[in-house]
Amino acid sequence: REPLQPMTLTQLAERLGLDTAAVRDVIRASRGNYAVVEQFLTDAPADQRERALRLLQVVSEKDRRDITREMLDDHFKAPATGSGDNYDRYVLNPRVADEPLTPYKSFFAQVIPAEERAAYRQNPELWATWCRENVRTDDTWNPLHLCMSPASVWKLRLADAKSRNIFFVAAARSMGIVA
């Protein structure tokens, strides 16, 4: 791939058909990570660039500075199941709390069958019940309170309460449930 030719943020926004101020804000907030953010926007399909920009807008400024392309792609490629501010903040957004970001949406798409994801979207209480019945909490083995990744919680079915709660929200978002 050829490197992007130097251009102003205005030129970039115009070339991508995006709002200039919004592009300027996300690129500037990304600081040293601007190349990842710029390439992510550039590589997004033309009909999905607004959604790519919205993903970058809901990611915190701190996360824009160190988010990886793998992370952006994982959360962007998850099926769009809604729109609007609540969708952007509570489904599209990869950040749940203060956990290390991981690419979890494609993982849950693989391990939770499509029929079950549809059932959980229809009735989110079923997902809450599944979590209560299948993920055991144990706060004694993690005295430093380090967050487990959502995928690790799925695999182990054991977590401290904070990691279990992050898992619940991350998996719900992966299924298109506002959480």
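What counts and how
Residues numbered from 1 in each chain as written. Predicted model: local features only at pLDDT ≥ 70, side-chain atom pairs only at ≥ 80, totals over all residues. Heavy atoms only, no water. Core = buried A, V, L, I, M, F, W, Y, C linked by side-chain atoms within 4.5 Å. Buried < 20%, exposed > 50% of the residue type's maximum accessible area, 1.4 Å probe, protein only. Helix = DSSP H or I, 4+ residues; strand = E, 2+ residues; numbered from the N terminus. Contact = heavy atoms within 4.5 Å. Salt bridge = Lys/Arg side-chain N within 4 Å of Asp/Glu carboxyl O. Phe/Tyr/Trp six-rings, centres within 6.5 Å; stacked < 30°, edge-to-face > 60°. Disulfide = S-S within 2.5 Å. Axes fitted to C-alpha atoms, helices over the stretch in contact; angles between N-to-C directions. Parallel < 35°, antiparallel > 145°, perpendicular 65-115°, else oblique. Left-handed = near helix turned anticlockwise from the far one by under 90°.

**A closer look at the nonpolar core**
Membership of the largest hydrophobic core comes to 25 residues, with the highest contact counts inside it found for Val 23, Val 26, Phe 40, Leu 41, Leu 53, Leu 55 and Leu 56. Those elements that place two or more of their residues in this core are α1 (9–16), α2 (20–29), α3 (34–43), α4 (49–58), α6 (69–77) and α7 (85–92). With near-sequence residues (within four places) excluded, Leu 53 lies in contact with Leu 18, Ala 22, Val 23, Val 26 and Leu 41.

**A few points about the pattern of salt bridges**
Under the criterion given, the structure shown has 10 salt bridges. With a closest N to O distance of 3.8 Å, Glu 99 and Arg 95 form a salt bridge. Between Arg 132 and Glu 125 there is a salt bridge, with the nearest N and O atoms lying 2.9 Å from each other. What you see here is one network of salt bridges that share partners, running through Lys 62, Asp 63, Asp 66, Arg 95 and Glu 99.

**What to know about the packing of aromatic side chains**
For the coordinates displayed, the defined rule picks out 11 aromatic pairs. The interplanar angle of 80 degrees and the centroid separation of 6.2 Å between the aromatic rings of Phe 108 and Trp 154 together place this pair among those described as edge-to-face. Note that Phe 108 is positioned in helix α8 (residues 105–111) and Trp 154 in helix α11 (residues 150–156), a separation of 46 residues in sequence. For Trp 154, a relative accessible area of 13% translates into the label buried. Relative to Phe 167, the ring of Trp 127 has its centre 5.7 Å away and its plane inclined at 50 degrees; by these criteria the two rings are tilted. Separated by 40 residues along the polypeptide, Trp 127 in helix α10 (residues 124–134) and Phe 167 in helix α12 (residues 161–174) bring together distant segments of the chain. We classify Phe 167 as buried; its relative accessible area is 0%. Aromatic rings pair up to connect Tyr 104, Phe 107, Phe 108, Tyr 120, Trp 127, Trp 130, Trp 154, Phe 167 and Phe 168 into one cluster.

**What about the state of the cysteines?**
As enumerated under the stated definition, the model contains 0 disulfides in all. Between Cys 131, a free cysteine, and Cys 147, which holds the nearest cysteine sulfur, the sulfur-to-sulfur gap is 16 Å. A relative accessible area of 4% places Cys 131 in the buried class.

**What to know about the packing of α4 against α7**
Running from N to C, α4 and α7 cross one another at 65 degrees; their axes reach a closest spacing of 10 Å. One way to sum up the angle between α4 and α7 is to call them roughly perpendicular. Considering only the axes of α4 and α7, their crossing is right-handed. Taking contact as the criterion, the partners of Arg 51, Arg 54, Leu 55 and Val 58 in α4 are, on α7, Tyr 87, Asp 88, Arg 89 and Leu 92.

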